[in-house]
Structures are given as C-alpha cells and as structure tokens.
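For reference, the chains in residue letters:
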Amino acid sequence: MPTVVPHVPFSTYRIQLRPDFGFDEAAALAPYLARLGVSHLYASPCLQAAPGSTHGYDVVDPTRPNSELGGAEGHRRMCDALGAAGLGQVLDIVPNHMAIGGPENAWWWDVLENGPSSVYASYFDVDWDPPEAKLRNTVLLPILADHYGRVLDAGELEVERKGGSFCVRYGDRCVPVAPPTLDDLLERASAAVRAAAPDASQVADELESIAAALGNLPPSWATDRDSVRARHRDKEVLRAALAQLCSRHPVVAKAIDETLAAINADPDTLDSLLERQNYRLAHWRVAGEELDYRRFFDIDTLIGMRVEDPAVFEESHSLVLSWLASGVIDGLRVDHIDGLADPAGYLERLAEQSSGAWVVVEKILEPGESLRETWPVAGTTGYEWVARIGGLFVDPQGEAPFTELWQEVSCSAEPFAEVAHRAKHAVMADSLSADLARLTSLFVTVCQRWRAYRDYTRSELAAVLEEVIASMGVYRTYVVDAAHPDDVAQISSALSEAAGRRPELDSDLFQALARVLLATEPLPGPAEAELRLRFQQVTSPVMAKGVEDTALYEYGRFVAMNEVGCDPGHWATPLGEFHAAAAAAAQRWPASMVATSTHDTKRSEDVRARLYVLSEISELWASAVRRWMGMNSAHRSGDHPDPPAEYLFYQTLVGAWPISAERMVAYMAKATREAKVHTSWTDPNVVYDQALEDFIRAALDDGLFVSDLSGFVEEYLVEAGWVSSLAQVLCKLTVPGVPDIYQGCELWDYSLVDPDNRRPVDFGARRAALDKVADLTPEGVWHRRAEGLPKLYLIHRALGLRRDRPACFGIGAGYQPLAVSGAGAEHVVAFARAGSVVSVAPRLVGGWRAGHGILEALRTRLAGTTVALAAGSWVDVLSGDPVAAGRRDVGELLSRFPVALLARST
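Residues numbered from 1 in each chain as written. Predicted model: local features only at pLDDT ≥ 70, side-chain atom pairs only at ≥ 80, totals over all residues. Heavy atoms only, no water.

J.: Residue-level account of the overall build of the protein, with values.
T.: Along the backbone of the protein there are 32 helices and 27 strands. By principal-axis analysis of the C-alpha atoms, the protein measures approximately 105 × 65 × 65 Å. Out of the 906 residues belonging to the protein, those deemed buried represent 60%. By sequence separation, contacts in the protein at least 24 residues apart represent 75% of the contacts at least 6 residues apart. Surface accessibility of the protein: about 33,100 Å² in total, with carbon and sulfur atoms responsible for 52%. On the protein, the mean spot of the 84 positive side-chain charges and the mean spot of the 124 negative ones are 4 Å from each other. (Helix = DSSP H or I, 4+ residues; strand = E, 2+ residues; numbered from the N terminus. Buried < 20%, exposed > 50% of the residue type's maximum accessible area, 1.4 Å probe, protein only. Contact = heavy atoms within 4.5 Å. Areas by Shrake-Rupley, 256 points an atom, 1.4 Å probe, with all protein chains shown as cover. Lys, Arg positive; Asp, Glu negative; His and termini not counted. Charge placed at Lys NZ, Arg CZ, Asp CG, Glu CD.)

What follows is the structure, encoded as structure tokens:
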C-alpha cells in the first residue's frame, strides 16, 4: 500500500480570524477540532492587516502576526494549543497585494513620501511613467469624496505636524508630506521666529538651515543608488533635528504651527504645497480611468505587489517561510495566484525555499480547464468540486422547465455566456477602464515599432484588446517565453471569437495581438513582453468582476449553480463525467483540496443542496413562484423590485429558510448592487434600493405568504435537502484530495455570501452536539436530524476513518467507480478508494416523498438496486453493521442512514 507524503493534511477546518475571534479563540477550538477528526486548522490570513480588518486579506505588514488577533504572543499560544491537541496548521497567505490605507503600511508610506526614489518603490506595481504626463513620477490617490478643487476649497484638506514629520489629513485618512517640499514652509516659519523673537536669531538660523538642507535633498526622480542613499539618510537626520529643535524651543514649534494654520486657510498656498508631492489626491471616480498602479480587482486600497522581484519575495515571505522551516505551519494556501506576473516562477521559488511544503493555490478553473501539471503545488483550493459534486444532485429533466420560467420572469432568452460577455465589457468600460487604457498604450507602443501596424488608431487597438479579453474563456493564460498548448488553445479561441464578433475590425490587428500573446516568433523589444504580461494580469480581474461579481448575480435561472468555478449555463453533472473527473484527480492531483463551502461561495453547501431539489420538482416550483408573485404584488412599488430580483428573492428564501428580514435585506442589497442592472455600489439608486427593502420586509411580514412559503419548504425541500447535503458531504470526504470543512458547516448551515458566511459560529453548540452523537445509533441521530446531528455524525465518522486509514485516501489510493445495477441505478453514486473503502450515496430523490419519511423511501425505491463489493469482510462505518461481499442491495445499505461508508476489515 502506498504511503502518504509527510505533511499532507488528512483534512482541514477553515476558520475566519477577526478582531473578535483571534488567536486565543482559535486555540480554544483545538480540542474540539481534534475530537471532530480534522488533522489541520486552516486559518485565514493572520499577518498584520489594516485596522479593524474582518478577513485579513488587506495585509499592511507581512513581517509580524496581527496585533488585533493577539500579536506574536497570542499566535504562539495558538500554535502551542494546536500542537498539544495533535493538530497541524495551514495558513492562507496573500502575495499579490497589500493594503495602503494609511501609515500602518510603512513600505507604502515611504513610497508616498519619496516617490520613485523610495527604497520600496520597486515593491509595488506602480507605473511611474504612465500615458498621462501629469502623473509622471506621481501616484494617483483616488481617496476624495468629491473633486479635488471642491474638497480643497471646502477646507477639508489640512497639513498636520507631529514632531519633525508632516502629513496631509483628509477625514480619517492621512498621507505623508515629502521632506524636500517643507523648505518654503520652514523658511516662512523661520522668518516668523525672527519677527516674534529678535533674540532668537540663532534658532531661526538653525531652522532656516534645516529648510535649505531639506530643499537640497536629491529629488524623488533621482533613483540612482547614491542619490537614494543620500536622500534616505539625510531626510531622517533632518527630521530628527527638526523634532529636537521644536522640542527645545517652543517658539519654533509655535511658528511652524501658525505657518501651517495660515497655509491650511489659504487654498492656493495649500494647493502649491500639494502639487509638489509624490502623489496627486483625486476624486475616487477618477480611479477607473487614470489609476497608475495595479490593484486587487477594482479595490483602490489594495495595491499589487511585484513579488516576482526576489527582494520583494524574501522580505514579504520571511516570517511565513520561518514558520514552515520550524514546523509552526505545515502548508499554505496561496491567495489569487492569477494576479501575479509569473505564477509558475513564484511557485517554483516558494517550493525551493519551503522545502516542498504542501501548497494549494486559489485558482478558479473554468469547466474543461486543467491546472498546470508543471506547477510545484499539491493542487487548487478545490472550488471546482462545487460543480463536480453539486451537479450530481441536479435533475437533467429540470433544465427545460427552469429555462422557460426564467425566460418568463426575465423577459429574455439571453444565455449565460452572453450575459457574462456583456458584463465583462461593462466592467472594462467602467471600473477597470484604467487597466484597459494601460494595455492600449502598450499596444500602441508595439504597433508603432512594427511598420505594418503603425497606422492603426488607438481606438482600434483598444477595441481589439477589449473584445479579445471579453472573449477569454478562462481567467488567464501563463505565457512567459513560450506558450503551453493550453495557452495556445485558449488564446486562439478568444481571438477567433473576438474576430467573429467584431468583423469591422481589421483581421491583421488580431494577428498582431496573436504574435504578442503567443510569443510565436522573436520580437523586437521589451514592449511586447510587457504587453503580454499585463494582458494576462488584466484578464483575471475582468473575469472576476464581470462573471463572479456581476453575471452570477444578474443571471438567475437556477442560482444553485451560480458559484465560482461553475458554469450556470451547464445544468447537471452526469455520473460518468463525475467519475472521470474524480479518477483524473486521483491520478494527477491526489493531494489537492476539496471544498463545497468556503468564504468565497455565494451560498453554503446546505443552501445549494436544498435548491438542487427544486430541479426535481420544477412544475411545483414554477407554480409556487407564480403564486407568490401574485400574493406579493401589493407590496411592490410601481416597477420595483423587478421580476428577476423578485425571483432571486424566492430562490434565496427557500434555500436559506428560515431567515430573518435583516439578513435578507442585506443579501438582496448586495446581490442587486453587484448585478448592476438597476443599482450599484458606485451609483446607488436610492428609490430602487428602498423599494426593494420595503418589499422584502412587507413580504416577510405577510402571514399568508410566509405560511405558504414555509409549508412549501417543509413539504418538498427540507428532508430531501438534508439527504442531498449528506450525499454531497460524503463525496467530499472520500473523493481524491484533502477535504475542507468551512467553519460551522459540520451542522446544517444556511449562510449566504459574505459577510453573511462570516457571522460568529456557535462552537459551544457544536461541542455539545459532538458529545451527543458519540453514543447515538444511526436511528437516534436521524431522529434528531433537525439539529444537524446527521451531518456532524457523518463528518466525525468519515474523518475518523481517514485518520485511521490514511493509505486508503492519500496519494496512490486511486479511485474506482462502482457499477450499480437495477431500476434505481441512476439514483446512486458509488465508488471505492484503494479497494478498501466504499462510498454509497443516493441522488435525485427529491420526488420520493413517502408517508414514513425519506429513509423509508430510500429503502423501498432502491430495493433491488445493487452495488458490488469486492471479496472480504466489510463493515458500515456509520452504523457498525457488518456487510457481506458480493452484490449488495442499496435499499438495505441505506435503511438506517441516508448514506453508507463501508470499510473492508479483511
């Protein structure tokens, strides 16, 4: 039997750290998680984040643990507690970006203070020579709520002093004042000292000398080594001298502060000072078109890191690598790998410096896409399993009725692919237009150097780029010096589709872009390589913002399939397709993560499991929706809410019921603003937003509607949803890979998209539930199914089996589909691992309502349907019952519990 590679987790449990749930709270979970059966705590980012961060992805200092979570001491206590409980640790890291909200990020503060001459200037992905001449050697800071001139004239910008340092204050934001630009201010203060205290001429001379020295510092655009060294050395000496002078001579401090007050009161003078800074303060809307640094998607306060630079890698990873080396952590989840300039190069360096630690990457694979087998990783974070597993429980017969209902509700027959394509164009025209402009400038530079293309206009080049990006079927490609066959296929497909969509554009331009993107021949200079690199970094946020954050909220045919990594246009997963994907995973990525609920999912695994049942009762569902729309028509305000939003409301209600009005209002506000049809985050429609909220509250206060809705959920969805959930969980826990349990999901969890799925978890209730299931029979567990005990029972038993028999689930365990025979064969998924563990789960049983409940329905409907067990003695891990080899009746196997997990004892 093959052995498991050291440090590969048997299973993980994801927790979301936040200021009110820090290291000590995580430490207190260790005994419970060990009893549950997981091998590793899987923590959200825990390095120093922006103040008040609730998720940790906005890191400001990667060299220390987050003080709001408990700092270094709290982190040590957590690690000690995990070790004492026999648990390992997997950490989520963020190499792509950092937060730049204030002085907490010392590296970025230094860049703002010193511009291109900052020792950290190369750490961040800033274009110091952008097409906009006014931004040369300047960073655009789109932090103002209104136009700069209006904000300045309103007195909302002020320069403040603390010791020998100065900053510009705007509300709760502040940015540094470059030391050389203080010369005029300090000279004026020096004159004021002389006027106020003639006997203090020597002090005034000292202040004047400091002003002159600051003014003579090397300019920010002088980036040679000697100039940078001199500027950084001398500015700190002068800052300290100024602070000391102010401390020793109150007359100096008073003169400087009075001069500052005069400058702050004079918009023209203040403007002159601000114009000399290494940044340009601007209205937040300017970011979309003029931003000169790479962001995380469209979030201005998260700046891209140049982690491909060895120095940046070393400094930003030093702490995490030391934890790996000392055994504090066993593995890493790498966030947003597609944002990096060279993902493969980064991962190779990480593998080399971490001695091959277990690493998974947050890579969203589109249907049909494969992870690069050359990457030195264990696999992905497992989002692709949401579609693979979940699709098993979607009835193929439901597609046509659901499509008909959606077209009736939306008054549109537009398929999802077209919705997504249109949404990608929309984000490039709006929030990501600066990224497209940057690419266009690079394309212009390339074409100007190729005589065959130099007469094409900027608008033509922009149109070609935009259409090709919108036609990309994956998040990105990975061409560096040569194109992988997968890259060739994806780029060629996008070019062909784009040319077909825009026949008025010259085909030669598409060919020119193909030469760059595919690196098909030697090219004349670095501009082509830069264009190729930037193109690949732009397609990912366009896909994310266009599909994840727009189309998945706009297209509402069947929202159970509206998840990252899923294709809402693809309806169900045939058994053969599932088995083929699982077998391929066993061969290629046996140590990859497998997930069904995450912090990124739009709705939890249990919400989706309940929604899957709707596909089996499509006529009943359509009738209910039409009835509810009629019942709630009185609660509408004119045309608001629109029918597609109302239909999303009903799908969400039945999936998460019971749910409070507050949670529904928050979810629908986010969903409709992300969809960007009638309202959005940047341009909220107050009338629509209020009408939607009023509708939700009125509907949920309508006794007749709530009674009808609750009855529908109870009669048709609850028990069938529980069975689908258990079947889904069994598959996750036993297919090839490392199963992950998202916090709280060991009991029924009906959470929606973040921040709903980051609500506090009642771990006390889960500890008590785990105590209960220890002594219960399967019948006793099922009797208390409303408490979620069946799910916890299944997880606890399955994880125990994984722990006791690691060779049956690890590398080399393989995957063997098991043939199911009989009338109910299409309603069963069965497979074996290492020939010694068998999973048997029902599917598509939502229509099997029986007077004695779903267990009776499973027993009777699957009687005569059989699965073959290899020779030997078997035991059902969930019931403890012995099971003989040979063909076994599935109805009998599922007579005590809705799923079966069999282990061969001999």
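Don't stop here, the text continues.
J.: Before we move on, can you summarise the sheet that holds strand E25 (residues 882–883) with the specific residues and values?
T.: Spatial ordering of the open sheet is given by E19-E21-E22-E27-E24-E25, a layout of six strands whose pairing is antiparallel. Two strands close off the open sheet at either side, each with one partner strand: strand E19 (816–817) and E25. Seen against the sheet, helix H27 (residues 703–734) touches strand E21 (828–833), strand E22 (837–842) and strand E27 (900–904) and runs at an angle of roughly 155° to E22. (Pairing = 2+ DSSP bridges. Axes fitted to C-alpha atoms, helices over the stretch in contact; angles between N-to-C directions.)

J.: Which residues make up the sheet that holds strand E13 (residues 299–304), and what values do they have?
T.: Read from one edge to the other, the open sheet built from three strands follows the order E6-E13-E12, with strand pairing classed as antiparallel. Two strands lie at the open edges of the sheet, namely strand E6 (97–99) and strand E12 (295–296), each paired on one side alone. As paired strands, E6 and E13 are joined by three bridges and run antiparallel to one another. What sits directly across from Ala99, in E13, is Leu302.

J.: For the pairing of strand E10 (residues 173–176), give the residues involved together with the corresponding values.
T.: Sheet analysis places strand E9 (residues 165–170) next to E10, joined by four bridges and oriented antiparallel. Considered in E10, the bridge of Cys167 is made with Pro176. Linkage of E9 to E10, two consecutive antiparallel strands, is achieved through a turn of two residues, within which Gly171 is found at a positive phi near 60°.

J.: Provide a residue-level description of the packing of helix H19 (residues 507–518) against helix H20 (residues 526–554), including the pertinent values.
T.: Contact pair H19 / H20: the axes reach a minimum separation of 8 Å and the direction vectors enclose 85°. Between H19 and H20, the angle is such that the two are roughly perpendicular. Residues Leu513, Val516 and Leu517 of H19 pack against Glu528, Leu531, Arg532 and Phe535 of H20. Classifying every residue of the contact of H19 with H20 by side-chain character gives five nonpolar, no polar and two charged. (Parallel < 35°, antiparallel > 145°, perpendicular 65-115°, else oblique. Nonpolar A, V, L, I, M, F, W, Y, C, P; charged D, E, K, R; others polar.)

J.: Outline the packing of aromatic side chains, supporting the account with residue identities and numerical values.
T.: The full count for this structure, using the stated rule, is 33 aromatic pairs. Consider the rings of Trp450 and Tyr453, whose centres lie 5.6 Å apart with planes at 50°: the pair is tilted. Owing to a relative accessible area of 11%, Tyr453 belongs among the buried residues under this scheme. These aromatic residues form a ring-pair network of at least three members: Trp406, Phe416, Tyr555, Trp621, Trp628, Tyr647, Phe649, Tyr650, Phe695, Phe705, Phe712 and Tyr716. Its guanidinium or amino end placed over the ring of Tyr42, Arg14 lies 4.8 Å from that ring's centre, counting from NZ or CZ. A cation over an aromatic ring shows up here: Arg515 above the ring of Trp450, its NZ or CZ 4.1 Å from the ring centre. (Phe/Tyr/Trp six-rings, centres within 6.5 Å; stacked < 30°, edge-to-face > 60°. Lys NZ or Arg CZ within 6 Å of the ring centre and 35° of its normal.)

J.: Quick rundown of the pattern of salt bridges? Include the residues and the values.
T.: The full count for this structure, using the stated rule, is 73 salt bridges. Where Arg64 meets Asp61, a salt bridge forms, and the shortest distance between an N and an O atom there is 2.9 Å. One salt bridge in this structure joins Arg896 and Asp881, with 2.9 Å as the shortest N-O distance. Of this pair, Arg896 sits in the loop between helix H32 (890–893) and E27 while Asp881 sits in the loop between strand E24 (874–876) and E25; the two residues are 15 residues apart in sequence, bridging distant segments of the chain. Classification of Arg896 by relative accessible area gives partly exposed; the value is 22%. A relative accessible area of 29% places Asp881 in the partly exposed class. Each member of the salt-bridge network shares a partner with another, and the members are Asp125, Asp127, Arg294, Arg438, Glu530 and Arg534. (Salt bridge = Lys/Arg side-chain N within 4 Å of Asp/Glu carboxyl O.)

J.: So, the side chain of Ser604: which residues are in play, and what are the values?
T.: Along the chain, the position of Ser604 falls in the loop between strand E17 (593–594) and helix H22 (605–614). Separated by 2.6 Å, the side chain of Ser604 and the backbone oxygen of Asp749 make a polar contact. Not counting the four nearest positions on each side in its chain, Ser604 is found in contact with Ser597, Asp749, Tyr750 and Ser751. (Polar contact = N/O pair within 3.5 Å; in protein donor to acceptor, adjacent residues only side chain to side chain.)

J.: Describe the side chain of Arg766, and please don't skip the residues or the numbers.
T.: Relative to the helices and strands, Arg766 is located in helix H28 (residues 763–773). Glu746 provides the closest opposite charge to the buried, unpaired Arg766, separated from it by 4.1 Å. Among the polar contacts listed, one links the side chain of Arg766 to the backbone oxygen of Gly744, at a separation of 3.0 Å. With sequence-adjacent residues up to four places away left out, Arg766 is seen in contact with Tyr32, Gly744, Glu746, Leu747, Val761 and Leu792.

J.: Got a sec to walk through H27? Specific residues and values, please.
T.: The terminal C-alpha atoms of H27 lie 44 Å apart, and with 32 residues this matches the ideal 46 Å at 1.5 Å per residue to within 8%. At Leu717, H27 shows its largest kink, close to 45°. With 23 of 32 residues buried, H27 lies mostly within the body of the structure. (Expected span 1.5 Å × (residues − 1). Bend = angle between axes of the 7 residues up to and from the residue.)

Geometry only, nothing functional implied.
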